[in-house]
Amino acid sequence: MSMPFYVAPEQVMKDRADYARKGIARGRSLAAVACTDGILICAENPSSTLRKISEIYDRIAFAGVGKYNEFDQLRIAGVRHADLKGYSFSREDVDARSLANQYAQILGQIFTHEMKPLEVEILVAEVGEEPGAHQLFHILYDGTVMDEAHFTVLGGEAEAIAERLEQGWRDDLSAAEAMGVVVRALGGDDRQLGPDELEAALLVYTDERRAFRRLERPAIAELLGGG
Amino acid sequence: MTIPFFRAEDDPGPDFIELARRSGLRPLALDGLEHATVQGRPEITHGTTVVAIRHADGVVMAGDRRATAGNLIAHRAIEKVFPADHHSGVAIAGAAGPAMEMVKLFQLQLEHYEKVEGHAISLEGKANQLGQMVRSHLPAAMQGMAVVPLFAGYDLRRRAGRLFQYDVTGGRYEESNFAATGSGSLHASTVIKLGFREGLARGEAVDLAISALFEAADEDSATGGPDAVRGIYPVIAVITADGFARLGDDEIAERFAGLLESMAERNAVRRRVPETSTDLGEDGA
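Rules of the game
Residues numbered from 1 in each chain as written. Chains lettered and ligands numbered in written order. Predicted model: local features only at pLDDT ≥ 70, side-chain atom pairs only at ≥ 80, totals over all residues. Heavy atoms only, no water. Helix = DSSP H or I, 4+ residues; strand = E, 2+ residues; numbered from the N terminus. Rg over C-alpha atoms; globule rule 2.2 N^0.38 Å. Buried < 20%, exposed > 50% of the residue type's maximum accessible area, 1.4 Å probe, protein only. Contact = heavy atoms within 4.5 Å. Areas by Shrake-Rupley, 256 points an atom, 1.4 Å probe, with all protein chains shown as cover. Lys, Arg positive; Asp, Glu negative; His and termini not counted. Charge placed at Lys NZ, Arg CZ, Asp CG, Glu CD. Pairing = 2+ DSSP bridges. Axes fitted to C-alpha atoms, helices over the stretch in contact; angles between N-to-C directions. Core = buried A, V, L, I, M, F, W, Y, C linked by side-chain atoms within 4.5 Å. 1 Å grid on protein atoms, 1.4 Å probe; cavity = no way out; pocket = protein on both sides within 12 Å on 5 of 7 lines; lining within 4 Å. Points joined across faces, edges and corners; volume = space filled by probe spheres on them. Nonpolar A, V, L, I, M, F, W, Y, C, P; charged D, E, K, R; others polar. Buried area = accessible area lost by both parts, 1.4 Å probe. Salt bridge = Lys/Arg side-chain N within 4 Å of Asp/Glu carboxyl O. Polar contact = N/O pair within 3.5 Å; in protein donor to acceptor, adjacent residues only side chain to side chain.

**Student:** Just checking my understanding: could you explain the overall build of chain A for this structure?
**Tutor:** Summing up its helical and strand segments, chain A has six helices and ten strands in all. In terms of overall size, chain A behaves like a compact globule, its C-alpha atoms giving a radius of gyration of 18 Å where 227 residues would be expected to give roughly 17 Å. A principal-axis box enclosing the C-alpha atoms of chain A has dimensions of 70 × 50 × 30 Å. In chain A, which comprises 227 residues, the share counted as buried stands at 54%. Within chain A, counting contacts between residues at least 6 apart in sequence, those at least 24 apart form 64% of the total. Accessible area for chain A stands at about 10,900 Å²; split by element, carbon and sulfur atoms hold 51% of it. Where the 25 positive side-chain charges of chain A centre and where its 38 negative ones centre are 6 Å apart.

Written out as structure tokens, the structure reads:
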């Protein structure tokens, strides 16, 4: 039997983080912005069937970037968790904070205990009935949770995009204006993204039970034209 | 509660009921009550007459508000017509407890599938799902807790309203024009049968449902009529391409008033009360 080499824990963690970050950086980015209508989530995604943004529960949305099969597995697990919790307790008892914590636990555990970390960054967003009542949880590949106030960006170029978003963001953006700001931030100075390269959804402030509205491409085009 | 993860070869897919079972929950509607016996069973709450009628733009579903436990009225304002999802509805008759649980599970099943898969089940698929749920409830039905639902919806692929009736074994029967179930269904369906024609307008179908429920309540003690004193009216919903919409109580009250008016006009209800007394009067002695 051969003796395993000693590798410093710092080195192990650094290697895993680099590996995860590299995987995430291969995909396109995604941004979520609070606007007067709710939370707008918009991703650069040429596919209209393999989705990055989806509904978890009545007022909760999920978005992921990185490796598709990994964040999709997390998405389905989240839907299952929320539906089971709503069934055995009450629909009101399902909330984004608890779900975000669960995701963080799982990502953290996989990051430290498994050979390969998940190459994903995810977003859990929730809206209330009244404007201003929203929550954005941004969770990293290692289980780090960030509670964002107004907007957040997921993906490899997050910092550059967030900087551009910061410049365009105001607290009274309408959905159409927010769409314009997000799309300009995602594209940067040299790229003009059109509806065919985008995927978007809106979590609206409403007194209806389900707040998630998927924006199909014609609706995205309309918002972009109006903003 | 922890987030459920499954191995790829062991994944329950978009099936909520299977997921609930795997997570250690036992949905009542799908299990017989092992220890309940037919003898000495306490009276359980029952719901009664519900109807569904196809019309030009989709379907109308309606149900009275009474729940009974034996000879007693258990509840005056119970609801028996529910949205199943955006484009379909489910109405229940039979043992109220398991029926409500079944509706809740059915709603969850449809929504769970939609979220996991990214699109809704076809109307046909939804009808089959409900049939399977009724069938797995059969052991409880044999113990006297039958649940017999109606399912109706707007089929987006065929662009028409469709309706389905069930029996306790889970048998699923599509009806072409109307369906009724529950203790007053015999009277209700006769009324609908006489008033039905192809291409009824939405309002006409609602009126027909209202008079069917009125006649059922008139003949069947377990079916509740309109209760103007408490302001309790049947639950009526219209399902069209725009989705499931429940009618307001104001509209239903108005339509009931219209029904009573037309009955008075054709003198259908005579004011004179029939004499059933054996009293021979003052000079009868």
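**Student:** What am I meant to see in the overall build of chain B here?
**Tutor:** Tallying secondary structure elements over chain B gives seven helices and 13 strands in all. For chain B, the spread of C-alpha atoms along the three principal axes comes to 90 × 50 × 30 Å. Out of the 285 residues in chain B, the part that is buried amounts to 48%. When contacts within chain B are restricted to residue pairs at least 6 apart in sequence, long-range pairs at least 24 apart make up 64% of them. Accessible surface computed for chain B: about 14,300 Å², of which carbon and sulfur atoms make up 50%. Averaging the coordinates of the 29 positive side-chain charges in chain B and doing the same for the 40 negative ones gives two points 3 Å apart.

**Student:** What exactly am I supposed to notice about the sheet that holds strand β11 (residues 178–181) of chain B here?
**Tutor:** The pairing of strands in a sheet comes from backbone hydrogen bonds and takes either a parallel or an antiparallel form. All names here are of chain B. Read across the sheet, five strands follow the order β11-β2-β3-β12-β13 without closing on themselves; strand pairing throughout is antiparallel. This sheet does not close on itself; its edge strands, each paired only once, are β11 and β13 (243–246). Within this sheet the neighbouring strands show an average axis-to-axis angle of 15 degrees, counted without direction. As judged from the four bridges shared by strand β12 (residues 235–240) and β13, these two strands associate in the antiparallel manner. Each bridged residue has a counterpart across the sheet, and for A237 the counterpart in β13 is R246.

**Student:** Help me understand the nonpolar core, please; the structure alone is not making it clear to me.
**Tutor:** The nonpolar side chains of a soluble globular protein tend to be buried, and buried together. In terms of nonpolar packing, the biggest core is built from 29 residues, with A:C42, A:L165, A:M179, A:V182 and A:L186 touching the most fellow members. Elements that contribute at least two residues to this core include exactly β1 (30–35), β2 (38–44), β8 (151–154), α4 (158–168), α5 (175–187), β9 (198–204) and α6 (217–226) of chain A. It is α5(A) that provides the largest number of residues to this core, a total of nine residues. Discounting chain neighbours no more than four positions away, the residues touching A:M179 are A:L40, A:C42, A:A200, A:I220, A:L223 and A:L224. Judged by nonpolar contacts, the second largest core, of 28 residues, contains B:A20, B:A84, B:M133 and B:F164.

**Student:** Help me understand the environment of B:G97 in this model?
**Tutor:** Following the sequence through the fold, B:G97 ends up in helix α2 (residues 96–117). Here the alpha-carbon distance between B:G97 and B:R65, two residues 32 residues apart in the chain, equals 15 Å.

**Student:** In this structure, what is going on with the layout of surface pockets? I would like to understand it.
**Tutor:** Sizing a probe to match a water molecule and rolling it over the atoms shows the empty space that remains. In this structure, the largest pocket occupies an estimated 1,400 Å³ of space. If you go around the largest pocket, you meet 45 residues; those closest to its centre are A:E55, A:R210, B:H86, B:E111 and B:E114. Mapped by element, the contributors of at least two residues to the lining of the largest pocket are β3 (53–57), α2 (68–88) and β10 (212–215) of chain A together with β6 (81–85), α2, α3 (123–136) and β8 (147–155) of chain B. The greatest single-element share of the lining of the largest pocket, amounting to nine residues, is contributed by α2(B). Among the residues making up the lining of the largest pocket, the classes are represented as 16 nonpolar, nine polar and 20 charged. Looking at the second largest pocket, its volume works out to about 330 Å³.

**Student:** Any chance you could explain the interface of chain A and chain B here in plain terms?
**Tutor:** Interfaces are often sized by the accessible area lost when the parts come together. Listed by partner, the interface residues are 26 residues for chain A and 25 residues for chain B. Carbon and sulfur atoms make up 61% of the surface buried where chain A meets chain B, a total of about 2,200 Å² over both sides. Considering only the surface of chain A that becomes buried against chain B, A:R80, A:L84 and A:Y87 emerge as the three largest contributors, covering 39% of it. In this structure, the salt-bridge partner of B:E114 is A:R210, at a minimum N-O distance of 3.1 Å. In this assembly, chain A and chain B are joined by 13 residue pairs in polar contact (both at pLDDT 80 or more). Looking at the side of chain A that touches chain B residue by residue, the class counts come to twelve nonpolar, four polar and ten charged.

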